[in-house]
Amino acid sequence: MKLYCLSGHPTLPCNVLKFKSTTVMLDCGLDTTSVLNFLPLPLVHSPRLSKLPGWVSKDGSLNLEKELKECAGRVFVDSQPEFCLPERELLDLSTIDVILISNYHCMMALPYITEHTGFTGTVYATEPTLQIGRLLMEELVNFMERVPKAQSATCWKNKEIQRMLPGPLKDAVDVWTWKRCYSMQEVNSALSKVQLVGYSQKVELFGAVQVSPLSSGYSLGSSNWIIQSHHEKVSYVSGSSLLTTHPQPMDQSSLKNSDVLILTGLTQMPTANPDGMLGEFCSNLAMTIRAGGNVLVPCYSSGVIYDLLECLYQFIESANLGTTPFYFISPVANSSLEFSQIFAEWLCHNKQTKVYLPEPPFPHAELIQTNKLKHYPSIHGDFSSEFRQPCVVFTGHPSLRFGDVVHFMELWGKSSLNTVIFTEPDFSYLDALAPYQPLAMKCVYCPIDTRLNFHQVSKLLKEVQPLHVVCPEQYTQPPLTQSHRSDLMLELQPPPMPYRRCSVLNLPFRRRYERVYILPELANSLVPSEVKPGVSVATVSAVLQSKDNKHTLQSVPKAPPVAPSKKRKRVMEEPPMTMAPKPLLSGAVPLEAFLATLQKHGITEVKVEETADGHILHLQAEDTLIQLEEDGTHIVCDNNEPLRATLRDLVLRFLQKL
């Protein structure tokens, strides 16, 4: 069993498991942190960005003015932002049979895999994962296509040139594999290959293995996966949460008895408590509004935003923010808010019960009805006429490189009354803000990441007790910035097997069994013999048929009677002779009783020697050796066939024939 690791990002995994003749891809996360190296795409022409100076090396030998621009001491690529794809050279991706998706953030690279590698398999995901994943992809495509860039920068990717660039461009890895965003056509084609599954539903793969999704408690429809055969079990834990938020709670018990547990997607903010961050979010928002400023929240169009809106719903009245408008701007804002209300069976129990009252499970429905929350597809159209300040704007993209958020950063960045509050943990907020410097606007970092932290995961692993744990190498050492914090890493016995991008792990498996079925008529012909109390054994002669990874024992077909013919057939055509199988022997030869039997038959001069495996009997007069061992008896006798046959018969008296 092998695990191929195609992504180096621990929370955006992409691994391939070869298990029992099936090749299974576990998630295909898209590492979007690469976009931080690019200039933002403004929706409205930005004089500031268009006047940025081009970059020339200090000695003047390297001039990339057209491709690279300098801003506040940092160098950015002036081109359509590109993404770091999962590794595509480590193995032939056309051989992948199935792709299992754990949550909508971990499927963003799907079109690159299904449309450009010769993939012909099936993708399995839950319904909310598919639908919200579609919205996030649609939003990403929309952001890119709204602001097309004519030029594509490639010179800077040349290894010799990249080496001479200032950091962080100099340190960017695999830049040649970075790709522009896919098209909507590719998204639709990729998602047409998805087959929907429900929690605990068992899906057979070619009769060899069974896969089943379990609730992971992180987001709507998010799953952990069990991949098992009759005798082996692999658990894949990705993006799980034990906190009580809107999704169904995590199913932990089904992860027990795993031979291998592959662990990814832990919290990116192990030191930040989500509840504390929510409190800080609300208080900073209120402070800014009271001072007459605007609040910008760069976020994804699904996920944490539902919890932020719910938290604000409870907070608005107590903080006297009842008249402040809240705007949610995204090409998919309307669909996202509606979807969250209709996936009732994927929600936690207390939200499910509201559906039958009837009440909307999320309070943002009430915020929309009372006009406190308004949603728009973009800043153009209705929004521009209804927009009033001070206000709170939720919009994407959290990287601040594309989407409507770029416009608000340009619009509000010059005033210290305004605040930008970062809630998504995927991007370093300092890197995200770099192309907007110098910035007067206040910045607050409240990363809300509800995924498992190291304390929770250690407790979980103690309960489910897998034999082996596999995880990204980042989890086996403390963070670089806090090297003294040994509590911010996984400490397990035996130690976890770490992986990094492009590594191939041989997973340790002890069991070597296969399940074999026996046909009723063959079972009927068996004659069991009791070898010891409660244990019976029967010999079987059969034909083993293996088809679709199922193994069946069938009766040996009888040779058809040969019609007498005058012509003499060639020897080759004669049916093979089936010989009766030799009887199997069981039992042990007791030393004292055997010596007494030899004496009765006139063999008296016997020298007994003890060995590690049993005894050696030396018949001195006959010059013969008898080796009595636990699993066999050997008679060594030169040119005395009658004696050998006699001794064999004496040994057989003590053994049971099957």
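Residues numbered from 1 in each chain as written. Predicted model: local features only at pLDDT ≥ 70, side-chain atom pairs only at ≥ 80, totals over all residues. Heavy atoms only, no water.

What about the UniProt feature "domain: Beta-Casp" (unreviewed entry) in the chain?
(1) Moving on: Those residues carrying the UniProt feature "domain: Beta-Casp" (unreviewed entry) are residues 305–433 in this numbering.
(2) Moving on: Secondary structure over residues 305–433 splits into 43% helix and 12% strand, and the C-alpha atoms at its two ends are 21 Å apart. (UniProt positions renumbered as here; feature names shortened; annotations may be inferred. Helix = DSSP H or I, 4+ residues; strand = E, 2+ residues; numbered from the N terminus.)

With respect to the pattern of salt bridges
(1) Moving on: As enumerated under the stated definition, the model contains 17 salt bridges in all.
(2) Moving on: Residues E410 and R48 are paired through a salt bridge, measuring 2.9 Å at the closest nitrogen-oxygen approach. Here E410, found in helix 12 (residues 405–412), pairs with R48, found in helix 1 (residues 47–50); they are 362 residues apart in sequence, far enough to count as distant.
(3) Moving on: Taking the relative accessible area as the measure of exposure, R48 reaches 28% and is therefore partly exposed.
(4) Moving on: Notably, a salt bridge pairs R146 with D404, separated by 3.1 Å at the nearest N-O pair. With a gap of 258 residues between them, R146 in helix 3 (residues 127–146) and D404 in the loop between strand 18 (392–395) and helix 12 connect regions that are remote in the sequence.
(5) Moving on: When salt bridges that share partners are traced, they join E87, D174 and R501 into one network. (Salt bridge = Lys/Arg side-chain N within 4 Å of Asp/Glu carboxyl O. Buried < 20%, exposed > 50% of the residue type's maximum accessible area, 1.4 Å probe, protein only.)

Re the side chain of Q456
(1) Moving on: Inspection of the secondary structure puts Q456 in helix 14 (residues 454–464).
(2) Moving on: In contact with Q456, not counting residues within four places along its chain, are L242, L243 and R451. (Contact = heavy atoms within 4.5 Å.)

Quick word on the environment of C443
(1) Moving on: Its location among the elements puts C443 in strand 20 (residues 442–445).
(2) Moving on: Residues C443 and V420, spaced 23 residues apart in sequence, show a C-alpha to C-alpha distance of 5.0 Å.
(3) Moving on: Apart from residues lying up to four places away in sequence, C443 is in contact with V420 and L433.

A short note on unusual backbone geometry
(1) Moving on: Cis geometry marks the peptide bond from G167 to P168; its omega dihedral reads 0°.
(2) Moving on: Tracing the backbone shows P168 in the loop between helix 4 (159–162) and helix 5 (184–191).
(3) Moving on: At the junction of Q389 and P390, the peptide bond is cis and its omega measures out at -5° in the coordinates.
(4) Moving on: Along the chain, P390 turns up in the loop between helix 11 (382–386) and strand 18.
(5) Moving on: Despite not being glycine, N320 shows a phi value in the positive range, around 55°.
(6) Moving on: Locating N320 in the fold gives a position in the loop between helix 7 (304–318) and strand 16 (326–329).
(7) Moving on: The residue L400 is not glycine, and still its phi comes out positive at about 60°.
(8) Moving on: The topology assignment puts L400 in the loop between strand 18 and helix 12.

Some words on the sheet that holds strand 4 (residues 54–56)
Adjacent strands of a sheet pair through backbone hydrogen bonds, lying either parallel or antiparallel.
(1) Moving on: Here we have three strands laid out as an open sheet, ordered 4-5-6, and antiparallel in their pairing. In the strand order of this sheet, the two ends are held by strand 4 and strand 6 (74–77), each with one partner. When the angles between neighbouring strand axes are averaged without regard to direction, this sheet yields 60°.
(2) Moving on: By the bridge criterion, four bridges tie strand 5 (residues 63–71) to strand 6 in an arrangement that is antiparallel. Across the sheet, K69 pairs through a bridge with F76, a residue of strand 6. (Pairing = 2+ DSSP bridges. Axes fitted to C-alpha atoms, helices over the stretch in contact; angles between N-to-C directions.)

So, the nonpolar core
(1) Moving on: Among the nonpolar cores identified, the biggest contains 111 residues, and M25, F83, I99, L110, F281 and F394 are the most heavily contacted of them.
(2) Moving on: Apart from the residues within four sequence positions on either side, I99 is in contact with M25, C28, L110, I113, T114, F119, T122, V123 and Y124.
(3) Moving on: Of all hydrophobic cores here, the second largest spans 26 residues; its members include A208, V209, I227 and V234. (Core = buried A, V, L, I, M, F, W, Y, C linked by side-chain atoms within 4.5 Å.)

Quick word on helix 17 (residues 641–653)
(1) Moving on: Here helix 17 contains 13 residues, and its C-alpha end-to-end distance of 19 Å stays within 8% of the 18 Å for a straight helix at 1.5 Å per residue.
(2) Moving on: Every buried residue of helix 17 is accounted for by L643, L647, L650 and V651. For helix 17, the buried positions fall inside an angular range of 100° around the axis, keeping them on one side. For helix 17, the exposed residues lying more than 90 degrees away from the buried face are P642 and R653.
(3) Moving on: Taken together, the buried residues of helix 17 touch helix 16 (591–600), strand 31 (614–619), strand 32 (624–629) and strand 33 (632–637). (Expected span 1.5 Å × (residues − 1). Arc of directions from axis to C-beta.)

Quick notes on empty space enclosed by the protein
(1) Moving on: Here the structure, examined in full by the defined rule, presents three cavities of 30 Å³ or more.
(2) Moving on: As a volume, the largest cavity reaches approximately 230 Å³.
(3) Moving on: Along its surface, the largest cavity is lined by 21 residues, and H105, Y218, G303, V304 and E424 are the ones closest to its centre.
(4) Moving on: Taken together, the residues of the lining of the largest cavity break down into seven nonpolar, nine polar and five charged.
(5) Moving on: Two domains each donate at least three residues to the lining of the largest cavity, and these are domain 1 (2–32 + 91–155 + 180–267 + 452–506) and domain 2 (274–445).
(6) Moving on: Estimated volume of the second largest cavity: approximately 160 Å³.
(7) Moving on: L12, L30, T32, H105, M108, L136, E139, L140, F143, Y300, H397 and D426 are the residues that line the second largest cavity.
(8) Moving on: Taken together, the residues of the lining of the second largest cavity sort by class into seven nonpolar, three polar and two charged. (1 Å grid on protein atoms, 1.4 Å probe; cavity = no way out; pocket = protein on both sides within 12 Å on 5 of 7 lines; lining within 4 Å. Points joined across faces, edges and corners; volume = space filled by probe spheres on them. Nonpolar A, V, L, I, M, F, W, Y, C, P; charged D, E, K, R; others polar. Domains from an automatic or database assignment.)

Structural notes on the packing of aromatic side chains
(1) Moving on: On inspection of all chains with the given rule, the structure shows 20 aromatic pairs.
(2) Moving on: Pairing Y327 with F383 gives two aromatic rings, centres 5.2 Å apart and planes at 85°, and the pair type is edge-to-face. One end of the pair, Y327, is in strand 16; the other, F383, is in helix 11, and 56 residues separate them in sequence.
(3) Moving on: Ring centres of Y376 and F383 lie 5.2 Å apart, and the angle between their planes is 65°; this geometry places the pair in the edge-to-face category.
(4) Moving on: Residue F383 is classed as buried on the basis of its relative accessible area of 4%.
(5) Moving on: In this arrangement the basic side chain of K351 is found over the ring face of F362, its NZ or CZ atom lying 5.2 Å from the centre. (Phe/Tyr/Trp six-rings, centres within 6.5 Å; stacked < 30°, edge-to-face > 60°. Lys NZ or Arg CZ within 6 Å of the ring centre and 35° of its normal.)

Some details on the pairing of strand 5
(1) Moving on: Inspection of the sheet shows strand 4 paired to strand 5 by three bridges, in the antiparallel sense. Bridge pairing in strand 5 places W55 opposite L64.
(2) Moving on: Taking the residues between adjacent antiparallel strands as the criterion, strand 4 and strand 5 are bridged by six residues, where G60 takes a positive phi near 80°.
(3) Moving on: Between the end of strand 5 and the start of strand 6, which pair antiparallel, lie two residues, with A72 showing a positive phi angle near 50°.

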